[in-house]
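Summary of structural features
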Amino acid sequence: QVQLVESGGGSVQAGGSLRLSCVASGRTFNSYGWFRQAPGKEREFVAAIRGWSGGSVYYADSAKGRFTISRDNSKNTVYLQMNSLKPEDTAVYYCAARLPIGGDLTQQTNYGYWGQGTQVTVSS
């Protein structure tokens, strides 16, 4: 049974940091993505990492320079380090995983597996 389990969410003040983790069980994946959904808004792309070595990473403009995605294959885990958090980063953050090589990792429809989400709240 394949599962993605996120953790690391919480409440922080603006300017603070959080590190989200997503542990995959049941199989290994070529690529992972992080998406988020704020109240009343559609789910949006945040960051993605492609390949076993994690040699290709992608970020939404809102995440560039502040967030870093990485993976630890020995732990079957992908991370999202979030620094300089802003109130507009408040959302439920979801981890997603993709088996096939290639594909546009910014598109939700290209992922076959999703976690349950973890809440991130940033106060001003």
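Coordinates for the structure precede this section.
As the structure is a computational prediction, the values presented were derived from the model and not from experiment.

What counts as what
Residues numbered from 1 in each chain as written. Predicted model: local features only at pLDDT ≥ 70, side-chain atom pairs only at ≥ 80, totals over all residues. Heavy atoms only, no water. Disulfide = S-S within 2.5 Å. Helix = DSSP H or I, 4+ residues; strand = E, 2+ residues; numbered from the N terminus. Phe/Tyr/Trp six-rings, centres within 6.5 Å; stacked < 30°, edge-to-face > 60°. Buried < 20%, exposed > 50% of the residue type's maximum accessible area, 1.4 Å probe, protein only. Lys NZ or Arg CZ within 6 Å of the ring centre and 35° of its normal. Contact = heavy atoms within 4.5 Å. Pairing = 2+ DSSP bridges. Axes fitted to C-alpha atoms, helices over the stretch in contact; angles between N-to-C directions.

**Notes on the state of the cysteines**
The final tally for this structure, using the stated rule, is one disulfide. Here Cys-22 engages in a disulfide with Cys-95; their sulfurs sit 2.1 Å apart. For the disulfide bridge between Cys-22 and Cys-95, the dihedral angle about the S-S bond is near -75 degrees, and by the sign convention the bridge is left-handed. Residue Cys-22 is found in strand E3 (residues 18–25), and its partner Cys-95 is found in strand E9 (residues 91–98); the two are separated by 73 residues along the sequence.

**Comments concerning the packing of aromatic side chains**
A complete count under the given rule lists six aromatic pairs for this structure. For the pair Phe-35 and Tyr-111, a centre-to-centre distance of 5.3 Å together with 80 degrees between the ring planes defines the contact as edge-to-face. A residue pair is termed long-range when its members are at least 10 positions apart, and Phe-35 in strand E4 (residues 31–37) and Tyr-111 in the loop between E9 and strand E10 (113–114) qualify at 76 residues. Using a relative accessible area of 6% as the deciding quantity, one classes Tyr-111 as buried. Put simply, the rings of Phe-35, Phe-45, Tyr-111 and Trp-114 pair up and form one aromatic cluster. Taking the ring centre of Tyr-94 as reference, the NZ or CZ of Arg-43 above it sits at 5.0 Å.

**A short note on the environment of Ala-48**
Examined against the element boundaries, Ala-48 turns out to sit in strand E5 (residues 44–50). Residue class for Ala-48 comes out buried when judged on its relative accessible area of 0%. The spacing of Ala-48 and Thr-77 is 29 residues in sequence and 13 Å in space, taken between C-alpha atoms. Leave out the neighbours within four places in its chain, and Ala-48 touches Tyr-32, Gly-33, Ser-56, Val-57, Tyr-58, Ile-69, Leu-105 and Tyr-111.

**Here's the deal with the sheet that holds E3**
Here four strands make up an open sheet; going across it, the order is E1-E3-E8-E7 and the pairing antiparallel. Single-partner strands in this sheet number two, and they are strand E1 (3–7) and strand E7 (67–72). Averaged over all pairs of adjacent strands, the angle between their axes in this sheet comes to 15 degrees, without regard to strand direction. Across six bridges, E3 lies against strand E8 (residues 77–82) in antiparallel orientation. Looking at the pairing, Arg-19 lines up with Gln-81 of E8.

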